[in-house]
Amino acid sequence: MKIPRALTIAGLDSGGGAGITADIKTFHALGVYGMVALTAVTAQNTLGVKAVQEIDPAVVEAQIDAVVEDIGVDAAKNRNAQ
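Everything in this summary refers to the structure shown in the same document. On a predicted model such as this, the values are computed, not experimentally measured, just so you know.

## A short note on the environment of Gly-34
(1) Moving on: Relative to the elements of secondary structure, Gly-34 occurs in strand E2 (residues 33–45).
(2) Moving on: When the C-alpha atoms of Gly-34 and Ile-55 are compared, they prove to be 20 Å apart, with 21 residues separating the residues in sequence.
(3) Moving on: Not counting residues within four places of it along the chain, the set of residues in contact with Gly-34 comprises Ala-6, Ile-24 and Phe-27.

## Quick look at a negative patch on the surface
(1) Moving on: On the surface, Glu-61, Asp-65, Glu-69 and Asp-70 cluster together into a negatively charged patch.
(2) Moving on: Positionally, Glu-69 belongs in helix H2 (residues 57–70).
(3) Moving on: Glu-69 gets classed as exposed once you look at its relative accessible area, which sits at 71%.

## Side note on the nonpolar core
(1) Moving on: Listed in full, the six residues of the largest apolar core are Leu-7, Ile-9, Met-35, Ala-37, Val-60 and Val-67.
(2) Moving on: Elements that contribute at least two residues to this core include exactly strand E1 (5–12), E2 and H2.
(3) Moving on: Not counting residues up to four positions away in its chain, the partners in contact with Ala-37 are Leu-7, Thr-8, Ile-9, Ala-10, Val-60, Gln-63 and Ile-64.

Rules behind the numbers
- Residues numbered from 1 in each chain as written.
- Predicted model: local features only at pLDDT ≥ 70, side-chain atom pairs only at ≥ 80, totals over all residues.
- Heavy atoms only, no water.
- Helix = DSSP H or I, 4+ residues; strand = E, 2+ residues; numbered from the N terminus.
- Contact = heavy atoms within 4.5 Å.
- Patch = residues over 30% accessible without salt bridge, like charges linked within 9 Å, V, L, I, M, F, W, Y side chains within 5 Å.
- Areas by Shrake-Rupley, 256 points an atom, 1.4 Å probe, with all protein chains shown as cover.
- Salt bridge = Lys/Arg side-chain N within 4 Å of Asp/Glu carboxyl O.
- Lys, Arg positive; Asp, Glu negative; His and termini not counted.
- Charge placed at Lys NZ, Arg CZ, Asp CG, Glu CD.
- Buried < 20%, exposed > 50% of the residue type's maximum accessible area, 1.4 Å probe, protein only.
- Core = buried A, V, L, I, M, F, W, Y, C linked by side-chain atoms within 4.5 Å.

Structure, rendered in structure tokens:
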């Protein structure tokens, strides 16, 4: 049986309640192999966001290309879509 592969394109919530951390937890609970393309790193907790460092878009694109060309992606989730 093939394990589904999902890519999340999102930021890192240092508090673990959102972003890629939450997505990977959800993927795991659903039996999905999770991969990430990191868009930002945050310093945050349940009280708020203290700092954000965005990742260069070219690096985000390279992360996506790397997993697509080697592992493959069955589904993707983009938290940054507007």
